[in-house]
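Chain residues, written in single-letter form:
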Amino acid sequence: MRLAAHGLGVDLPDGWEGAIVEQPLPAPPPGRTAAAVAAAVRRPTMHLANFPLPAVRGDFGSGAVETMRAGHGFVAVIEYGPECADTALFAATSLPRELHVADLSPRGLQRTLPGQAGVQRFATVAGRAVCLYAVVGAHRHAGASLVGINAVLRTLQVDPA
Amino acid sequence: MTATTFSERVVARASRLLAGHGLSRRRFLARTAVVGSALTVDAWGFVLKPQTAYATVCGNDADCNNGWTAFCCTINDGANTCPPGSYAAGWWKVDDSAFCRGAARYYIDCNRHPGATCDCHCGDGECDRRRVCCNVFRYGQCNTQVPGVTEVVCRVILCTPPWEWDPSCTTTVRTDPATRTHSATCLPREFPSHIEIAYQDLGLSGSVLGRQIVGEADAPGGGRIAQYERGAILWTQALGAHHVAGAVDGRYRELGRSSGILGYPTHGQADVGDDRGERVLFEQGGIWWAPETGAWETWGPIHGAYRADGGPTGRLGYPTTGVYVTAEDEQRTDFETGWSIVHDPVTETTRVVRTAVEDGGTEDRATVQRWSGRDRIDTAAEVSRRTHAEGCDIVYVARADAFADALAGGVAAALAGAPVLLTWPTRVPPATVAELQRLDPSRIYLLGGELAADSGVEATLNGYARRGVERVFGQTRYDTAARISQVTFPRPGVPVAFIASGEGFADALAGIPAAAVAGGPILLTRRDQVPAATARELDRLRPDRCFVLGGTAVVSKAVVERLESFTSKPVTRLAGSDRYATAAAIVAATVEAAETAVIATGRDFPDGLAAGPAAVALGGAVLLVPGETIPEGTDRELRRLAPDRIVIVGGTGAVSGPVEGRLATYRATPPA
């Protein structure tokens, strides 16, 4: 099944589900009008997983990764503003099409959870600044999770800005 | 026997259990305190539910094994700022946060700087034993010029949008509702006061205010105030919470803070924007601080007049007094530039006057004028209008964006009594066209070859010169200077020749009027070698004397020795420690007295180029300033010459308003 929106697209392997969403605008802080934070910008976020994704999730998967088990995989593709494109952090020109066990680290996580491992990559693809974040449910069985994750990455498409 | 409560018995037993696990005294005391707190917070929950005392008090996500990163105030001595060796690397938010009184709460990750080191460990703060420098992760919206992903050292908390807190952060929103309840004892509790939020967003103990010394309390008029080591935060419902710090707060205290004449702050303390001072605006006025002047207030009509005049970046500069009452019962504030604002409460008039005159001094101050236009081209045209009101027969035109061909032409223009106007290489600007129409010259000298001004420019200029355009140029800048010299001084035996670097413009600028008055050319040289064209021209001219402009950094000793072969007298070097001191040295050596001093920026050449011929026409000298200050050498020459008039050539971007004000304080006649 093809999942596509906001210029992001991917073919979902069997057993995988996903969503592409944009964040709502923030509420104004105390003493400020809504105009004071009107500068805040929404950007699309893609979440893909081979386990049920909860309705409430953080952009980097909090709320979801806590439910992962061995063999599970989670992928987030997150877009940033055009001002980030081609900066040093986003200097790479492509996202990986394949991840290896050696790419994953138990410390490469937004939130360290027992047994899990993750990896993060930033790049400017087709003029768009994006970040790939992948998590496996069990580092010791990462190979099983990477089969699905790499199938996702091979079909991941970022349309030009 | 003393009766004990159930809670006390539980604490005692828990303490015995904990003490039996080999804990240090410090850890033991800390843990028994937490157990005590747990019983206070939720005694039955603590006893009956399968969770630790720590979780009962601090929440489920505050311990190290929960995997989250600690707050910066926990590990950074209470400072809600990125610790040394880390930088803001990204942010997320949680909407509708009780910690921000219902608004969004922002979390900024401080990541290890790639050049720094740190070890992964658990924090030991009260209600924050989270991980420090462990998770290799980056949100990615801040400082994207820093490559790579490093460990998150700690997290800063704000209720202010991150892009306002750190301009390197972008506005792309990221969220993480799982962090909604995360907090630490060093952070404000839920539903904090406006003052607590303001203090948090300034950085808590790491802020300009330092640590809190007096708790939040009521203030006059329904406001609130909290006091810190180095200032205060004041709040009212209408104005919000704003901080006042350091010397500004010292003055505010002397004036009675919110009970005094100024009332409550309407804006927090902020830079003025001149890389020098700070200011706080209040309901009824402001306090202005600079290192040299201290902190002084303006209020009422004087405050209005001061702000209308541009405040500290206008011609008045910073105040050197508060508002005081004179012997004539007028209100007055004095400023660093020698001006005062005076308000007469009877006539309700406000005026700007020279401080010395108001003090009974004499009127022997120099008159300051500014000749400027919208840009360098317009400024050159304005100088021409001021010095050639009746028109003129000859006009020199030079390229506006490169000095190489123009410098030597300044002397020629000055000797011919002609102005210098500017052009772009491929088109003649409208301001120059308009001035040429007004001047109606018979001849235009165009300085430079086709690269400096193309044939289209020459054709356009031809339409405004009755006897046509004559190009003066050579193959190089040195050739061009020599060619201009040949045209201007066709006969050999000139009294003097000035030699300046062809690789910079500054030294030649001040030399233009000196050379013109002395009746000799400016020729150009390389640092270590006299160019062939310059040598040929000197050999032809055989000047009686030679002056080298600038130090050995721009004209070497070897060049000076070579120049001595072209003149019978020793070559004299006129130089200072920088371009401003060199300009002053040229004036000191060549100008005995001057009715007018012409001031131009030393940072670029066009204004000074136009100023040179103007200075000759006005019987004056050219001195240079960097824009924001008056250098020592320039100051010394202005005091020595004591000119009646000082003409600034260029806008406030070139020579600032405060410098203009200070120039007005120079005496017009030498002191007795």
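Just above, that's the structure.
All chains use their own residue numbering, which begins from 1 and follows the written sequence. Written order determines the labels here, with chains lettered from A and ligands numbered from 1. Owing to the predicted nature of the model, reporting of local features is limited to residues with pLDDT of at least 70; listing and counting of side-chain atom pairs is limited to 80 or more, with chain, interface and lining totals taken over all residues. To get the side-chain values, take all heavy atoms of the structure and skip hydrogens and water.

### So, the interface of chain B and chain A
Phase 1: Two residues form a contact once any of their heavy atoms are found within 4.5 Å. With 45 residues of chain B in contact, the opposing surface of chain A contributes 43 residues.
Phase 2: Here the buried area means the combined drop in accessible surface, using a 1.4 Å probe, for two parts upon being joined, counting both sides. Contact between chain B and chain A buries roughly 3300 Å² in total, counting both sides, with carbon and sulfur atoms accounting for 54%.
Phase 3: Its largest share of buried area at the contact with chain A, chain B owes to F137, T144 and R174 of chain B, together 19% of the area lost on that side.
Phase 4: The term salt bridge refers to a pairing of a side-chain nitrogen on Lys or Arg with a carboxyl oxygen on Asp or Glu at a separation within 4 Å. Inspection of the chain B/chain A interface yields three salt bridges.
Phase 5: With its nearest N and O atoms 3.6 Å apart, the salt bridge here joins R174 of chain B to D59 of chain A.
Phase 6: N or O atoms within 3.5 Å of each other form a polar contact, as long as, within protein, one can give a hydrogen and the other can take it, and as long as residues adjacent in sequence are counted only when both atoms are side-chain atoms. Connecting chain B to chain A are 24 residue pairs in polar contact (both at pLDDT 80 or more).
Phase 7: To qualify as a helix, a DSSP run of H or I must reach at least 4 residues; to qualify as a strand, a run of E must reach at least 2; elements of each kind are numbered from the N terminus. Secondary-structure elements contributing two or more residues to the side of chain B that touches chain A are α5 (162-165) and α6 (194-202) of chain B.
Phase 8: Residues are grouped as follows: nonpolar covers Ala, Val, Leu, Ile, Met, Phe, Trp, Tyr, Cys and Pro; charged covers Asp, Glu, Lys and Arg; every other residue, Gly included, is treated as polar. Of the residues belonging to the side of chain B that touches chain A, the class tally is 21 nonpolar, 14 polar and ten charged.

### Some remarks on the sheet that holds strand β15 (residues 331-334) of chain B
Residue and element names in this part refer to chain B.
Phase 1: Reading across from one edge, β14-β15-β16-β17 is the order of the four strands in this open sheet, with antiparallel pairing throughout. Each having just a single partner strand, β14 (324-325) and β17 (349-354) make up the two edges of the open sheet.
Phase 2: Two strands pair if DSSP finds at least two bridges between them. Pairing of strand β16 (residues 339-344) with β17, which is carried by six bridges, proceeds in the antiparallel orientation. In the strand pairing of β17, W339 is matched with R354.
Phase 3: Seen against the sheet, helix α8 (residues 300-308) touches β15, β16 and β17 and runs at an angle of roughly 135 degrees to β16. Here, axes are lines fitted to C-alpha atoms. For helices the fit covers the stretch in contact, and angles between N-to-C directions go from 0 to 180 degrees.

### Section: the packing of aromatic side chains
Phase 1: Any Phe, Tyr or Trp ring, taking Trp's six-membered ring, that has another such ring centre within 6.5 Å forms a pair; planes under 30 degrees apart are called stacked, those over 60 apart edge-to-face, and the others tilted. Summed over the entire model, instances satisfying the criterion amount to 22 aromatic pairs over all chains.
Phase 2: Note on Y133 of chain A and F137 of chain B: the rings are 5.3 Å apart at their centroids and 75 degrees apart in plane angle, and the pair reads as edge-to-face. Pair noted here: Y133 of chain A is in strand β7 (residues 128-136) and F137 of chain B is in the loop between β4 (131-132) and β5 (152-158), and the two residues belong to different chains. Like Y133 of chain A, the residue F137 of chain B is buried in the burial classification.
Phase 3: Ring centres of Y252 of chain B and F282 of chain B lie 4.5 Å apart, and the angle between their planes is 35 degrees; this geometry places the pair in the tilted category. A residue pair is termed long-range when its members are at least 10 positions apart, and Y252 of chain B in helix α7 (residues 246-254) and F282 of chain B in the loop between β11 (278-281) and β12 (285-290) qualify at 30 residues.
Phase 4: Residue burial is assigned from relative accessible area. The probe radius is 1.4 Å, only protein chains are included, and a residue is buried under 20% of its type maximum, exposed over 50%, and partly exposed in between. Under the relative-accessibility criterion, Y252 of chain B is labelled buried at 0%.
Phase 5: An aromatic cluster is present here, built from F60 and Y133 of chain A together with W92, Y107, F137 and Y139 of chain B joined pairwise through their rings.
Phase 6: By definition here, charges over rings are those cases where NZ of Lys or CZ of Arg is within 6 Å of the ring centre and within 35 degrees of the ring normal. Looking at R105 of chain B, its charged tip hangs above the ring of F99 of chain B, at a distance of 4.0 Å from the centre.
Phase 7: Above the ring of F71 of chain B, the side-chain terminus of R155 of chain B is found at 4.6 Å from the ring centroid.

### Things to note about the nonpolar core
Residue and element names in this part refer to chain B.
Phase 1: Counting 58 residues, the largest nonpolar core has Y396, F498, I522 and L609 as the members making the most contacts within it.
Phase 2: If one sorts the elements of this core by residue count, helix α15 (residues 506-518) sits on top with eight residues.
Phase 3: The definition of a nonpolar core used throughout is a set of buried Ala, Val, Leu, Ile, Met, Phe, Trp, Tyr and Cys residues joined through side-chain atoms within 4.5 Å. Counting residues in each nonpolar core, the second largest holds 48 residues, with L255, L281, I287 and V659 among its members.

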